[in-house]
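Okay, here's what each chain looks like letter by letter:
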Amino acid sequence: MSTSHGPTAPRSWLLPNRPEQPALITDPGKRRAIVVELVIVFAITLGMAGLQSLLSLLDALLRPESLDQQAVALNTSQARLGLLDLLEQLAGVLRLFAWAALGVYLLWQGGIALRKVGFDNSRPGRDLAGGAGLAALIGIPGLGLYLVAHSLGLNLAVQPSTLDEAWWRAPVLVLSALGNAAAEEVLVVCYLLTRLRQLGATENRALWISAVLRGSYHLYQGFGGFMGNVVMGLVYGRVWQRTNRIHALIIGHALIDVVAFVGYALLREQVGWLP
């Protein structure tokens, strides 16, 4: 029997076999229920964000200015009064964690052992190291892709944070990064790929669905943001499919966003190469 270190290892990553668990659902009623569940979940979470993102990109394309002459901000003030702004920011973070909790709950309620789909705390050190590796693998080339796409007029100037210099700015940006990471990796990777396995989708087809969905709700950034996140989705989704571990993905995603959010807030007035 071959192992992940044998000559078949590259093939097992490019053309992986569907695992035995979770079991394929063949009952028509149960299959319809899962499809309806998927539609509802993503209609109120990241699927709706994808539709709104597409509309935002279309609006940007119809403007007289080219994409590189336009800007989009990610973390912005929500109220004029500082305390209310803080509470608004925390409410947004809470919504993200609630989306992640919804995905976890639905899998658990459906009889899926959470440990089998990545919620396993047995190797925190390895997950932390893996997350740092994933952050470097995606974050550094991703920054280069963004700069190239912007210089070619294919991307808006992305401002990760325009929050005022309040005492709570840094911790809120870190919490926002954690919320984004939890919501996206749980819903678009763990939850979606598990449900698609139950419906009988091949690993590669499910991976592309997940990656394109991830790219869709970043379309508001432009074509570079879309492509960069599709690539991230392909890498992160495949890592989950091959390891069944979600914590490293959440850590890696959170590290990328922390560097982007906090780093931009600190450096936007100090460097000239950021659009």
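Note that the structure is a prediction, hence the values are computed from the model and not measured.

Participant: Explain the UniProt feature "transmembrane region" (unreviewed entry) in the chain here, please?
Facilitator: Within this numbering scheme, the UniProt entry marks residues 34-55, 90-108, 128-148 and 246-267 as carrying the feature "transmembrane region" (unreviewed entry). For residues 34-55, helix accounts for 91% and strand for 0%, while the C-alpha atoms at its two ends are 28 Å apart. Across residues 90-108, helical content stands at 100% and strand content at 0%; the span's end C-alpha atoms are separated by 27 Å.

Participant: Help me understand the nonpolar core, please; the structure alone is not making it clear to me.
Facilitator: A general tendency of soluble globular proteins is for nonpolar side chains to be buried together. Judged by nonpolar contacts, the single largest core of 43 residues is most densely connected at F42, Y191, W240 and L249. Counting only elements with at least two residues in this core, the list comes to α2 (28-43), α4 (82-109), α5 (124-151), α6 (169-198), α7 (203-216), α8 (223-243) and α9 (247-267). In this structure, L249 is in contact with L134, E185, V189, Y236, V239 and W240, ignoring residues within four places of it in sequence. Formed by ten residues, the second largest nonpolar core is a distinct cluster that contains A60, V72, L156 and A157.

Participant: Honestly, the side chain of S176 in this entry has me stumped. Any pointers?
Facilitator: With respect to the secondary-structure elements, S176 resides in helix α6. Here S176 is in contact with N75, V93, L96 and F261, once residues within four sequence places are set aside.

Participant: I would appreciate a short explanation of the packing of aromatic side chains in the present structure.
Facilitator: Applying the stated criterion across every chain yields a total of two aromatic pairs. Ring centres 6.0 Å apart and planes at 40° place the aromatic pair F42 and Y191 in the tilted group. In this pair, F42 sits in helix α2 while Y191 sits in helix α6, placing the two residues 149 residues apart along the sequence. Across this residue pair, the class does not change: F42 and Y191 are buried. Taking the centre distance of 5.9 Å and the plane angle of 45° together, the rings of Y105 and W108 count as tilted. Taken together, the positions of Y105 and W108, both in helix α4 and three residues apart, correspond to about one turn of that helix.

Participant: Sorry, what's going on with the pairing of strand β2 (residues 157-161) here?
Facilitator: If a strand is regular, its side chains alternate between the two faces of the sheet. With four of its five residues buried, β2 lies for the most part within the structure. Looking at chain direction, strand β1 (residues 71-75) and β2 are connected through four bridges and run parallel. Each residue of the ladder has a partner; that of A73, found in β2, is Q159.

Participant: What exactly am I supposed to notice about the pattern of salt bridges here?
Facilitator: Oppositely charged side chains may form a pair once their charged atoms are brought near each other. If you walk through the whole model with that rule in mind, you get seven salt bridges. With its nearest N and O atoms 2.8 Å apart, the salt bridge here joins E37 to R195. Taken together, the residues span a long stretch of sequence, with E37 in helix α2 and R195 in helix α6 at a distance of 158 residues. Between E185 and R214 there is a salt bridge, and its shortest N-O distance comes to 2.9 Å. Here the residue E185 occupies a position in helix α6, and R214 occupies one in helix α7, the gap between them amounting to 29 residues. Put simply, D120, D127 and R245 are held in one network by salt bridges that share partners.

Participant: What is the right way to read the side chain of Q198 from this model?
Facilitator: Relative to the elements of secondary structure, Q198 occurs in helix α6. On the accessibility criterion, Q198 (5% relative accessible area) is buried. Other than its neighbours up to four places away in sequence, Q198 contacts R18, P22, A23, L24, I25, R31, I34 and I112.

Participant: Which parts of the structure should I look at to understand the packing of α5 against α8?
Facilitator: When two helices pack together, their arrangement is given by the angle between their axes and by how far apart the axes lie. Running from N to C, α5 and α8 point in directions that differ by 165°, and their axes come no closer than 9 Å. Judged on the interaxial angle alone, α8 and α5 are roughly antiparallel. The hand of the α5/α8 crossing is right-handed. Residues L134, A135, L137, I138, L145 and A149 of α5 form the contact with α8, whose participating residues are G224, M227, G228, M232, V235, Y236 and V239. Of the residues contributing to the contact of α5 with α8, the split by class is eleven nonpolar, two polar and no charged.

Participant: What am I meant to see in the packing of α4 against α6 here?
Facilitator: Running from N to C, α4 and α6 point in directions that differ by 20°, and their axes come no closer than 8 Å. Between α4 and α6, the interaxial angle falls into the category roughly parallel. For the element pair α4 and α6, the recorded crossing hand is left-handed. Across the contact of α4 with α6, the residue classes break down as 19 nonpolar, six polar and one charged.

Participant: How should α4 be read in this particular structure?
Facilitator: Within an α-helix, residues lying three or four positions from one another point in the same direction, as the helix has 3.6 residues per turn. The terminal C-alpha atoms of α4 lie 40 Å apart, and with 28 residues this matches the ideal 40 Å at 1.5 Å per residue to within 8%. Residues of α4 that are buried: D85, L86, Q89, G92, V93, L96, W99, A100, G103, V104, L106 and L107. Those residues of α4 that are buried lie in contact with α2, α3 (46-62) and α6.

Cut-offs and rules
Residues numbered from 1 in each chain as written. Predicted model: local features only at pLDDT ≥ 70, side-chain atom pairs only at ≥ 80, totals over all residues. Heavy atoms only, no water. UniProt positions renumbered as here; feature names shortened; annotations may be inferred. Helix = DSSP H or I, 4+ residues; strand = E, 2+ residues; numbered from the N terminus. Core = buried A, V, L, I, M, F, W, Y, C linked by side-chain atoms within 4.5 Å. Buried < 20%, exposed > 50% of the residue type's maximum accessible area, 1.4 Å probe, protein only. Contact = heavy atoms within 4.5 Å. Phe/Tyr/Trp six-rings, centres within 6.5 Å; stacked < 30°, edge-to-face > 60°. Pairing = 2+ DSSP bridges. Salt bridge = Lys/Arg side-chain N within 4 Å of Asp/Glu carboxyl O. Axes fitted to C-alpha atoms, helices over the stretch in contact; angles between N-to-C directions. Parallel < 35°, antiparallel > 145°, perpendicular 65-115°, else oblique. Left-handed = near helix turned anticlockwise from the far one by under 90°. Nonpolar A, V, L, I, M, F, W, Y, C, P; charged D, E, K, R; others polar. Expected span 1.5 Å × (residues − 1).

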